[in-house]
Amino acid sequence: MGLISPAAAEQLTRTELTPAQATTAAELLLEALKNRQGDVMHDALAAPVQTSVDVKSVQARLNQRAAIDAARVVSVTPGYNTTTIDAVVTTAFGDEGVLMVLDEDGKLLAWKWSDRIQPIETTALDFTRDLAAGRWIAARSKMSLQLQ
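Calculation notes
Residues numbered from 1 in each chain as written. Predicted model: local features only at pLDDT ≥ 70, side-chain atom pairs only at ≥ 80, totals over all residues. Heavy atoms only, no water. 1 Å grid on protein atoms, 1.4 Å probe; cavity = no way out; pocket = protein on both sides within 12 Å on 5 of 7 lines; lining within 4 Å. Points joined across faces, edges and corners; volume = space filled by probe spheres on them. Salt bridge = Lys/Arg side-chain N within 4 Å of Asp/Glu carboxyl O. Helix = DSSP H or I, 4+ residues; strand = E, 2+ residues; numbered from the N terminus. Buried < 20%, exposed > 50% of the residue type's maximum accessible area, 1.4 Å probe, protein only. Pairing = 2+ DSSP bridges. Axes fitted to C-alpha atoms, helices over the stretch in contact; angles between N-to-C directions. Phe/Tyr/Trp six-rings, centres within 6.5 Å; stacked < 30°, edge-to-face > 60°. Lys NZ or Arg CZ within 6 Å of the ring centre and 35° of its normal. Core = buried A, V, L, I, M, F, W, Y, C linked by side-chain atoms within 4.5 Å. Contact = heavy atoms within 4.5 Å.

Would you mind going over empty space enclosed by the protein in detail, with residue names and values included?
Across all of its chains, the model carries 1 cavity of 30 Å³ or more by this definition. As a volume, the largest cavity reaches approximately 30 Å³. What lines the largest cavity is simply Leu33, Lys34, Arg36, Leu62, Arg65, Ala66, Ala67 and Ile68.

Lay out the pattern of salt bridges with the relevant residues and their values.
Applying the stated criterion across every chain, the model contains 1 salt bridge. Among the ionic pairs, Arg65 bridges to Glu96, the shortest N-O distance being 3.8 Å. Taken together, the positions of Arg65 in the loop between helix 5 (55-64) and strand 1 (68-78) and Glu96 in strand 3 (residues 94-102) put the pair 31 residues apart, joining distant regions of the chain. Neither residue differs from the other here; Arg65 and Glu96 are each classed as buried.

Lay out the sheet that holds strand 1 with the relevant residues and their values.
Within the open sheet, the 4 strands sit side by side as 1-2-3-4. Their pairing is antiparallel. On the outer flanks of this sheet lie strand 1 and strand 4 (108-113), each paired with one strand and no other. The average angle at which neighbouring strand axes cross in this sheet is 25°, direction not considered.

Can you tell me about the packing of aromatic side chains, naming the residues and giving the values?
One pass over the structure, following the stated rule, counts 1 aromatic pair. The ring centre of Trp113 lies 3.9 Å from the NZ or CZ of Arg65, which sits over that ring.

Break down the nonpolar core for me, citing the residues and quoting the values.
Met41, Met100, Leu102 and Trp111 are the most contacted members of the largest nonpolar core, which has 25 residues in total. Of all the secondary structure elements, the ones that give two or more residues to this core are helix 2 (19-34), helix 5, strand 2 (83-91), strand 3 and strand 4. For this core, the leading source of residues is helix 2, giving 7 residues.

Describe unusual backbone geometry, and please don't skip the residues or the numbers.
Of note in this structure, Arg36 is not a glycine but carries a positive phi near 55°. Residue placement: Arg36 occurs in the loop between helix 2 and helix 3 (38-43).

Before we move on, can you summarise the environment of Ala32 with the specific residues and values?
Among the structural elements, Ala32 can be located in helix 2. Note: C-alpha distance between Ala32 and Leu62 (30 residues apart in sequence) is 9.2 Å. In this view, Ala32 contacts Gln37, Val40, Met41 and Leu62; residues no more than four positions away in its chain are not counted.

Any details on the side chain of Thr91? Residues and values, ideally.
For Thr91, the position within the fold is in strand 2. Note on Thr91: relative accessible area 4%, which makes it buried. Ignoring anything within four residues of it in the chain, the contact list for Thr91 reads Ala66, Ala67, Ile68, Asp69 and Glu96.

Nothing here speaks to function; it is all geometry.
Following this line, the structure appears as C-alpha coordinates:
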(Lines give C-alpha, C1' and ligand atoms only; values in the text may rest on other atoms or scores of the structure.)
Protein backbone atom coordinates (compact mmCIF):
# COMPACT_ATOMS: atom_id res chain seq x y z
CA MET A 1 0.00 0.00 0.00
CA GLY A 2 3.03 2.28 0.13
CA LEU A 3 2.78 3.28 3.79
CA ILE A 4 5.93 4.25 5.62
CA SER A 5 6.65 4.02 9.30
CA PRO A 6 6.50 7.15 11.48
CA ALA A 7 10.27 6.92 12.03
CA ALA A 8 10.89 6.83 8.27
CA ALA A 9 8.46 9.72 7.75
CA GLU A 10 10.37 11.76 10.34
CA GLN A 11 13.57 11.19 8.34
CA LEU A 12 11.86 12.53 5.20
CA THR A 13 10.87 15.76 6.91
CA ARG A 14 14.23 16.84 8.27
CA THR A 15 17.20 18.53 6.76
CA GLU A 16 20.60 16.96 7.32
CA LEU A 17 21.91 20.26 8.69
CA THR A 18 22.01 19.85 12.45
CA PRO A 19 20.77 22.62 14.76
CA ALA A 20 24.36 23.11 15.98
CA GLN A 21 25.63 23.50 12.39
CA ALA A 22 22.78 25.89 11.59
CA THR A 23 23.52 27.96 14.68
CA THR A 24 27.20 28.17 13.75
CA ALA A 25 26.33 29.26 10.19
CA ALA A 26 23.83 31.84 11.47
CA GLU A 27 26.34 33.23 13.98
CA LEU A 28 28.89 33.60 11.15
CA LEU A 29 26.31 35.53 9.11
CA LEU A 30 25.36 37.74 12.06
CA GLU A 31 29.01 38.46 12.83
CA ALA A 32 29.67 39.37 9.17
CA LEU A 33 26.62 41.62 9.25
CA LYS A 34 27.76 43.25 12.49
CA ASN A 35 31.33 43.79 11.22
CA ARG A 36 30.18 44.77 7.72
CA GLN A 37 32.27 42.04 6.08
CA GLY A 38 30.92 41.87 2.53
CA ASP A 39 33.33 39.14 1.44
CA VAL A 40 32.36 36.86 4.33
CA MET A 41 28.67 37.57 3.76
CA HIS A 42 29.01 36.83 0.03
CA ASP A 43 30.80 33.54 0.74
CA ALA A 44 27.95 32.56 3.10
CA LEU A 45 25.29 32.93 0.39
CA ALA A 46 23.78 29.86 -1.29
CA ALA A 47 24.98 29.38 -4.88
CA PRO A 48 21.76 30.58 -6.58
CA VAL A 49 21.83 33.79 -4.53
CA GLN A 50 25.58 34.26 -4.80
CA THR A 51 25.51 34.21 -8.60
CA SER A 52 23.07 37.13 -8.65
CA VAL A 53 25.26 39.57 -6.68
CA ASP A 54 28.93 40.48 -6.40
CA VAL A 55 30.98 41.18 -3.27
CA LYS A 56 31.09 44.92 -4.02
CA SER A 57 27.28 45.13 -4.03
CA VAL A 58 27.03 43.16 -0.80
CA GLN A 59 29.59 45.47 0.80
CA ALA A 60 27.76 48.59 -0.38
CA ARG A 61 24.53 47.27 1.11
CA LEU A 62 26.22 46.48 4.44
CA ASN A 63 27.73 49.95 4.56
CA GLN A 64 24.24 51.48 4.30
CA ARG A 65 22.85 49.58 7.29
CA ALA A 66 22.69 50.97 10.79
CA ALA A 67 25.58 49.78 12.93
CA ILE A 68 24.82 46.57 14.80
CA ASP A 69 25.87 46.50 18.45
CA ALA A 70 24.91 42.90 19.19
CA ALA A 71 23.29 39.90 17.53
CA ARG A 72 22.02 36.56 18.76
CA VAL A 73 20.27 33.46 17.52
CA VAL A 74 16.89 32.99 19.20
CA SER A 75 15.74 29.71 17.67
CA VAL A 76 16.56 27.11 15.05
CA THR A 77 13.79 25.26 13.21
CA PRO A 78 14.81 22.39 10.91
CA GLY A 79 12.51 21.78 7.96
CA TYR A 80 12.36 19.45 4.98
CA ASN A 81 15.44 20.69 3.12
CA THR A 82 16.03 24.04 4.79
CA THR A 83 16.48 25.39 8.29
CA THR A 84 14.91 28.60 9.55
CA ILE A 85 16.83 30.74 12.01
CA ASP A 86 15.11 33.36 14.14
CA ALA A 87 17.63 35.98 15.29
CA VAL A 88 17.72 39.42 16.88
CA VAL A 89 20.11 42.24 16.09
CA THR A 90 20.47 45.29 18.31
CA THR A 91 21.16 48.73 16.83
CA ALA A 92 20.94 52.26 18.20
CA PHE A 93 17.28 52.10 17.15
CA GLY A 94 16.56 49.01 19.27
CA ASP A 95 16.09 45.34 18.57
CA GLU A 96 15.18 44.05 15.11
CA GLY A 97 14.11 40.52 14.33
CA VAL A 98 15.53 38.74 11.32
CA LEU A 99 14.54 35.38 9.87
CA MET A 100 17.15 33.49 7.87
CA VAL A 101 16.61 30.40 5.74
CA LEU A 102 19.65 28.16 5.32
CA ASP A 103 20.10 25.38 2.78
CA GLU A 104 21.44 21.88 3.52
CA ASP A 105 25.00 23.24 3.53
CA GLY A 106 24.26 26.06 5.97
CA LYS A 107 24.32 28.69 3.22
CA LEU A 108 21.90 31.63 3.22
CA LEU A 109 18.99 31.15 0.82
CA ALA A 110 16.71 33.92 2.05
CA TRP A 111 16.21 36.41 4.85
CA LYS A 112 13.60 38.82 6.02
CA TRP A 113 13.76 41.59 8.56
CA SER A 114 10.64 40.67 10.54
CA ASP A 115 10.16 44.05 12.20
CA ARG A 116 9.90 45.84 8.87
CA ILE A 117 6.32 45.32 7.89
CA GLN A 118 5.21 47.96 5.41
CA PRO A 119 2.08 48.51 3.35
CA ILE A 120 2.10 46.31 0.25
CA GLU A 121 2.23 49.34 -2.05
CA THR A 122 5.41 50.61 -0.36
CA THR A 123 6.98 47.17 -0.53
CA ALA A 124 6.10 46.80 -4.22
CA LEU A 125 7.53 50.22 -5.08
CA ASP A 126 10.71 49.56 -3.11
CA PHE A 127 10.99 46.15 -4.80
CA THR A 128 10.77 47.64 -8.30
CA ARG A 129 13.22 50.43 -7.41
CA ASP A 130 15.70 47.86 -6.16
CA LEU A 131 15.28 45.81 -9.34
CA ALA A 132 15.72 48.86 -11.57
CA ALA A 133 18.90 49.80 -9.69
CA GLY A 134 20.31 46.25 -9.96
CA ARG A 135 20.05 45.61 -6.21
CA TRP A 136 18.95 41.98 -6.62
CA ILE A 137 19.49 40.85 -3.05
CA ALA A 138 17.70 43.90 -1.65
CA ALA A 139 14.77 43.29 -4.02
CA ARG A 140 14.71 39.60 -3.16
CA SER A 141 14.58 40.34 0.56
CA LYS A 142 11.27 42.15 0.05
CA MET A 143 9.63 38.95 -1.20
CA SER A 144 8.01 36.44 1.07
CA LEU A 145 10.40 33.76 2.28
CA GLN A 146 8.64 31.18 0.07
CA LEU A 147 9.18 33.27 -3.06
CA GLN A 148 12.80 33.96 -2.20
